[in-house]
Amino acid sequence: FTEHGADRIVLKAMGRAVNKAVTIAEIIKRKAPLHQITSIDSCELVDVFEPLEEGLDRVESRRYVSCMTIVLSKSPLDQKHIGYQPPLPPEEMQDTKPMKTDSTSLKEKAK
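Calculation criteria
- Residues numbered from 1 in each chain as written.
- Predicted model: local features only at pLDDT ≥ 70, side-chain atom pairs only at ≥ 80, totals over all residues.
- Heavy atoms only, no water.
- Helix = DSSP H or I, 4+ residues; strand = E, 2+ residues; numbered from the N terminus.
- Buried < 20%, exposed > 50% of the residue type's maximum accessible area, 1.4 Å probe, protein only.
- Contact = heavy atoms within 4.5 Å.
- Disulfide = S-S within 2.5 Å.

## A closer look at the overall build of the protein
And then number 1: If you tally the helices and strands in the protein, you get 2 helices and 4 strands.
And then number 2: Taken from N to C terminus, the helices and strands of the protein fall in the order β-α-β-β-β-α.
And then number 3: When the 111 residues of the protein are sorted by exposure, 20% land in the buried category.
And then number 4: Pairs at least 24 residues apart make up 71% of the contacts formed inside the protein by residues separated by at least 6 positions.

## A look at the state of the cysteines
And then number 1: Here the structure, examined in full by the defined rule, presents 1 disulfide.
And then number 2: Across a sulfur-sulfur distance of 2.0 Å, cysteine 43 and cysteine 67 are joined as a disulfide pair. Within this pair, whereas cysteine 43 is found in strand β2 (residues 35-49), its partner cysteine 67 is found in strand β3 (residues 59-73), the two being separated by 24 residues in sequence.
And then number 3: Look at cysteine 67 and you get buried, because its relative accessible area is 9%.

## Re the environment of proline 89
And then number 1: Looking at the secondary structure, you find proline 89 in the loop between β4 (84-85) and α2 (103-110).
And then number 2: Sequence spacing of proline 89 and arginine 30 is 59 residues, and the spatial spacing of their C-alpha atoms is 9.6 Å.

Written as structure tokens, this is what we have:
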């Protein structure tokens, strides 16, 4: 947000990447008070297989995968949208101070 002066972030994911987009959104929401709108859809994917040998037919395969769009915004969004979530309360926000990551403390945690 701060580097580019943007007001919102849009995360889009399909299939198995949906859970990663949700995790990223939750981490970002705990760093700053953000409004959220989540939309779920189904997207059609078409795979086309061209034959390697002459005389064979081209094969098309159609399938549907889950798609998700998550909009995180500093400014208020449409609160009537079915996927709207207000910012987290301050007690659920995480401290944004950088963590110490010296090599000795990392080695101790690994034991």
